[in-house]
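# Tertiary structure, described
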Amino acid sequence: MPDYSEPLFSLTVSACGNNNFCPVAAGEETEFLSWYRVRKRGELSVTIKYFNSIYSTGCGVREQKGPAFTITGAYLGYAKKPSRSPETEVPLFFGGEPTTLVTDGYESDPADINIPEEAWLSVRLKVRSGSDCALLTTDESASSGYKNGLRTLNVLRPNFIGCRGEFKETLLFFGDSITQGTRTATDKYESWSHRVGLAMPENMSVINLGMGWSRAYDAAADGLFMKLARRGTIVTICFGVNDIKSGGRTGAEVIGDLSRIISLLRESNPAVKIILFTVPPFNMEPSGEEQRQIVNREILSGAFAADVFDFGSVLEGEPGRVRPEYMSDPDDAHPNGLAGEAAARALLESGLI
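I will try to describe carefully the structure that is included in this document. What you see is a predicted model; the values in this text were computed from it and never measured.

This paragraph deals with the nonpolar core. Proteins that are soluble and globular tend to have nonpolar side chains buried together. If you look at the biggest cluster of nonpolar residues, it comprises 109 residues, and the most contacted ones within it are Phe174, Ile237, Leu258 and Ile261. Of all the elements, helix H6 (residues 251-268) adds the most residues to this core, at seven residues. Here isoleucine 237 is in contact with Phe174, Leu258, Ile261, Ile262, Leu265, Ile274, Ile275, Leu276 and Phe277, once residues within four sequence places are set aside.

Below is the structure:
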């Protein structure tokens, strides 16, 4: 298992938790290419990491281990813009070897690469499995991805891309698809988390631990999801939609989960700064909306040992409904880029970060 606590600067604001599956055929080599807007350029020493486990309920069972596979080749590269082929690449190694068997996960050796100004970073992975299986992948709309040269949102991505360098703080976004940036335009980096992350100074690392379908109760279970969140010295928490809407949990249960999350973070680092978001509207049925309001009343009352950002009020138009102009689609309540701009501006102007 790669080291999740190593103090590396996070190069990206993309959220790349494992929340999907990609079928591969036994013995066939599959190539995945993923692209990222990065926060540092120039001469960098870069490491990529992957945890072969499901972080949170949604696509599968929490802590479910993914199948073993072999990396037959791995490369870092860059280009002026995302495409099917990077302009320049350097190889990645694992314990000095160009290939590695992945069971619990992988961590590459540091690789030196000089990324020009305005260039995008790429990671290309060639993989093979000894059996028909489904690899744990990331369904992530904000960054381009390719499988065997064809565009797709479902890509085997590193869960973390970091570099050596000095930094004072780590801002970590902990949440679900609304934190991940799901349904925002590809390569535009227009969700609230992307905009806030890109606005941070270079002496602050930014990790986006938002993941589609994730739930507060899985974060509160103190598994891999929470272990990764402990890297933050400033942590935003935005859970609740999936707990209520698809998980059928009550407001009281969500309140208990949020309290547990905050307690676990403080156990690890008593000095951590926590910013608790109100649960955003998601056009729920009346029963679900009632539970959302129960949670938000508790958050706004100051009952939690955390600062509060009223995220819900930024997105809400009619009671319980996302403002139509903020919806990614007339039938999809995920916030779009306009909503991301409004929420990022509100959070940055709040003085909480």
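Additional details are given in the paragraphs that follow.
In this model, helix H9 (residues 337-350) (14 residues) spans 20 Å end to end at C-alpha, consistent with the 20 Å of a helix rising 1.5 Å per residue. Every buried residue belonging to H9 is among Gly337, Ala339, Gly340, Ala342, Ala343, Ala344 and Leu347, and all of these are buried. The inward-facing, buried residues of H9 contact helix H2 (192-199), strand E19 (273-277), strand E20 (307-309), helix H8 (311-315) and strand E22 (332-335). Following H9 by one or two positions, glycine 351 adopts a phi angle in the positive range, close to 80 degrees.

With that out of the way, let us pick up the packing of H6 against helix H7 (residues 286-300). For any two helices packed against each other, one specifies the inter-axial angle together with the distance between the axes. Following both chains from N to C, one finds H6 and H7 inclined at 40 degrees, their axes separated by 8 Å at the closest point. For the element pair H6 / H7, the angle class is oblique. Two packed elements cross with a definite hand, and for H6 against H7 that hand is right-handed. Contacts from Gly251, Val254, Ile255 and Leu258 of H6 reach H7 at Gln291, Ile294, Val295, Glu298 and Ile299. Residue composition of the contact of H6 with H7, grouped by class: six nonpolar, two polar and one charged.

Here is what the cut-offs are and how they apply
Residues numbered from 1 in each chain as written. Predicted model: local features only at pLDDT ≥ 70, side-chain atom pairs only at ≥ 80, totals over all residues. Heavy atoms only, no water. Core = buried A, V, L, I, M, F, W, Y, C linked by side-chain atoms within 4.5 Å. Buried < 20%, exposed > 50% of the residue type's maximum accessible area, 1.4 Å probe, protein only. Helix = DSSP H or I, 4+ residues; strand = E, 2+ residues; numbered from the N terminus. Contact = heavy atoms within 4.5 Å. Expected span 1.5 Å × (residues − 1). Axes fitted to C-alpha atoms, helices over the stretch in contact; angles between N-to-C directions. Parallel < 35°, antiparallel > 145°, perpendicular 65-115°, else oblique. Left-handed = near helix turned anticlockwise from the far one by under 90°. Nonpolar A, V, L, I, M, F, W, Y, C, P; charged D, E, K, R; others polar.

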